[in-house]
Amino acid sequence: MVVQLMPMQALGGALLLVGALLLVLVIAALLSAVEIVDAYEKRALTVFGEYRKLLEPGINFVPPFVSNTYAFDMRTQTLDVPRQEAITRDNSPVTADAVVYIKVMDAKKAFLQVDDYKRAVSNLAQTTLRAVLGDMELDDTLNKRQEINARIREELDEPTDEWGIRVESVEVREVNPSKDVQRAMEQQTSAERKRRAMILEAQGERRSAVEKAEGDKQSEIIRAQGEKQSQILEAQGDSISTVLRARSAESMGERAIIDKGMETLGEIGQGESTTFVMPQELTSLVGRYGKHLSGSDVEADGQELESREFDDETRELIGLDDIAEIIGEIDQEAEMDVEAMEQEAQAIKEGQDTADISDPDEVIEQMDQDFQGQTDGGTGVPSDEAGDDPSASD
């Protein structure tokens, strides 16, 4: 009995072990057959080493134990290009680094056409950066950053397109010349700044000199204007004085004639004759003198004497109307328009034509001619006018 029970127990244990192994195998197969792909990636599927397809995001079932998948990130990726040393076309050493932005457009090409596309793009960017810098002048490498970026991207587009990779952007971060070149550039910049400072200083001095000259010019013009007005007023004053002296001489001469006539009448009155023949001029002068003696100059008002206005004949005799008119014209012509002079000075300062400024000598000469014409026209008394009086011959 004991011998028969032992094989039965051994068989049950073996069956239990096989069942457990089958359960583990089923679980492992299920886990191997399920592939979960993230939303931002795709995976290349190979079965027994043969490419089958790209697995899309989500849950995918693949043949268990004989399948392999390779993930590809479909987002934009950043690749740092290490600092590179290059010699420019004008034999100046420079160092530069850059960053490249790429994106996987075709995961199948990226899997089948290139091994490790990131490393391949990085190496290609390094060699392209050195080639572009070596084909440019030093000043261009420092100033034309956008041109360098565009040329590197253009050089990378063709080979990376075969790999299913698109280069979205290339940015050169730094381009540094050697220390000796930097020192020379600093000296050049310092010299250029000194030159600009000297030019600005010279321009400032020149502008100051021009402004000073303009101010002196304006001052001289205003001074000349004042002297011109002074000469004009002086000439006009001399003309007025000449006219007044002529009027005074005429009036005094007539009074002297009247006084002399009255003395003659007194002498005639002392004679024995009672009949006298008197010239017409003398009777006219006596009448005029009597009119003055009769009180035409003053008017009695109670006990006070007030001055009376000259009649038309007397005003004409002494030339009061003509003198007032002459003085009015002189005052009108001598009046200085301050605003006009300021405008003229401003125009001179701005460099406009100053040909309309009259010469003082011409103005004085014209004033003398005007006064001479007024004197000949009746405001004055010429020297030969008394001799041409028709009444003198009577």
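Residues numbered from 1 in each chain as written. Predicted model: local features only at pLDDT ≥ 70, side-chain atom pairs only at ≥ 80, totals over all residues. Heavy atoms only, no water.

An unreviewed UniProt entry lists the protein chain under the name Phosphoesterase, with Natrinema saccharevitans as the source organism. Its UniProt record, at the heading Subcellular location (unreviewed entry), says of the protein chain: "Membrane". Database annotation for the protein chain, UniProt heading Sequence similarities (unreviewed entry): "Belongs to the band 7/mec-2 family." (UniProt positions renumbered as here; feature names shortened; annotations may be inferred.)

1. Some words on the overall build of the protein chain
Counting its regular elements, the protein chain contains 11 helices and 10 strands. Per-residue burial over the protein chain gives 24% buried out of 394 residues. A sequence separation of at least 24 residues applies to 67% of the contacts in the protein chain between residues at least 6 apart. Total accessible area computed for the protein chain in this model is approximately 27,000 Å², and 52% of it derives from carbon and sulfur atoms. (Helix = DSSP H or I, 4+ residues; strand = E, 2+ residues; numbered from the N terminus. Buried < 20%, exposed > 50% of the residue type's maximum accessible area, 1.4 Å probe, protein only. Contact = heavy atoms within 4.5 Å. Areas by Shrake-Rupley, 256 points an atom, 1.4 Å probe, with all protein chains shown as cover.)

2. Focus: helix α3 (residues 117-134)
Taking 1.5 Å per residue as the helical rise, α3 with its 18 residues ought to reach 26 Å, and the 26 Å between its terminal C-alpha atoms agrees with that figure. What α3 keeps buried is the set Tyr117, Ala120, Val121, Ser122, Ala125, Gln126, Thr128, Leu129, Val132 and Leu133. (Expected span 1.5 Å × (residues − 1).)

3. Quick word on the packing of α3 against helix α5 (residues 145-162)
Packed helix pairs are characterised by how far apart their axes lie and by the angle those axes make with each other. Relative to each other, α3 and α5 sit at 135 degrees, their axes nearing to 10 Å. Comparing their axes, α5 and α3 come out oblique. At the point where α3 passes α5, the crossing takes the right-handed sense. Along the contact surface, α3 presents Val121, Leu124, Ala125, Thr128, Leu129, Val132 and Leu133, while α5 presents Ile148, Arg151, Ile152, Glu155, Leu156, Pro159 and Thr160. Of the residues contributing to the contact of α3 with α5, the split by class is 10 nonpolar, 2 polar and 2 charged. (Axes fitted to C-alpha atoms, helices over the stretch in contact; angles between N-to-C directions. Parallel < 35°, antiparallel > 145°, perpendicular 65-115°, else oblique. Left-handed = near helix turned anticlockwise from the far one by under 90°. Nonpolar A, V, L, I, M, F, W, Y, C, P; charged D, E, K, R; others polar.)

4. Side note on the pattern of salt bridges
If you walk through the whole model with that rule in mind, you get 16 salt bridges. Close ionic contact of Arg83 with Glu174 constitutes a salt bridge, the shortest N to O distance being 3.1 Å. Placement of the pair is Arg83 in strand β6 (residues 77-87) and Glu174 in strand β8 (residues 165-177), with a sequence separation of 91 residues. You can call Glu174 partly exposed: its relative accessible area is 38%. Among the salt bridges present, the one from Arg89 reaches Glu137, with a minimum N-O distance of 3.3 Å. Here the residue Arg89 occupies a position in the loop between β6 and β7 (93-104), and Glu137 occupies one in the loop between α3 and α4 (138-143), the gap between them amounting to 48 residues. For Glu137, a relative accessible area of 27% corresponds to the partly exposed category. Salt bridges sharing common partners tie together Asp80, Arg83, Asp97, Arg173 and Glu174. (Salt bridge = Lys/Arg side-chain N within 4 Å of Asp/Glu carboxyl O.)

5. Considerations on unusual backbone geometry
Note on backbone geometry: most residues besides glycine have negative phi, and most peptide bonds are trans. For Phe65, which is not a glycine, the phi torsion comes out positive at approximately 70 degrees. Note on placement: Phe65 falls in the loop between β4 (58-61) and β5 (67-73). For Asp116, which is not a glycine, the phi torsion comes out positive at approximately 60 degrees. Within the element layout of this structure, Asp116 appears in the loop between α2 (107-112) and α3. Of the residues examined, Asp116 reaches a relative accessible area of 39% and is grouped as partly exposed.

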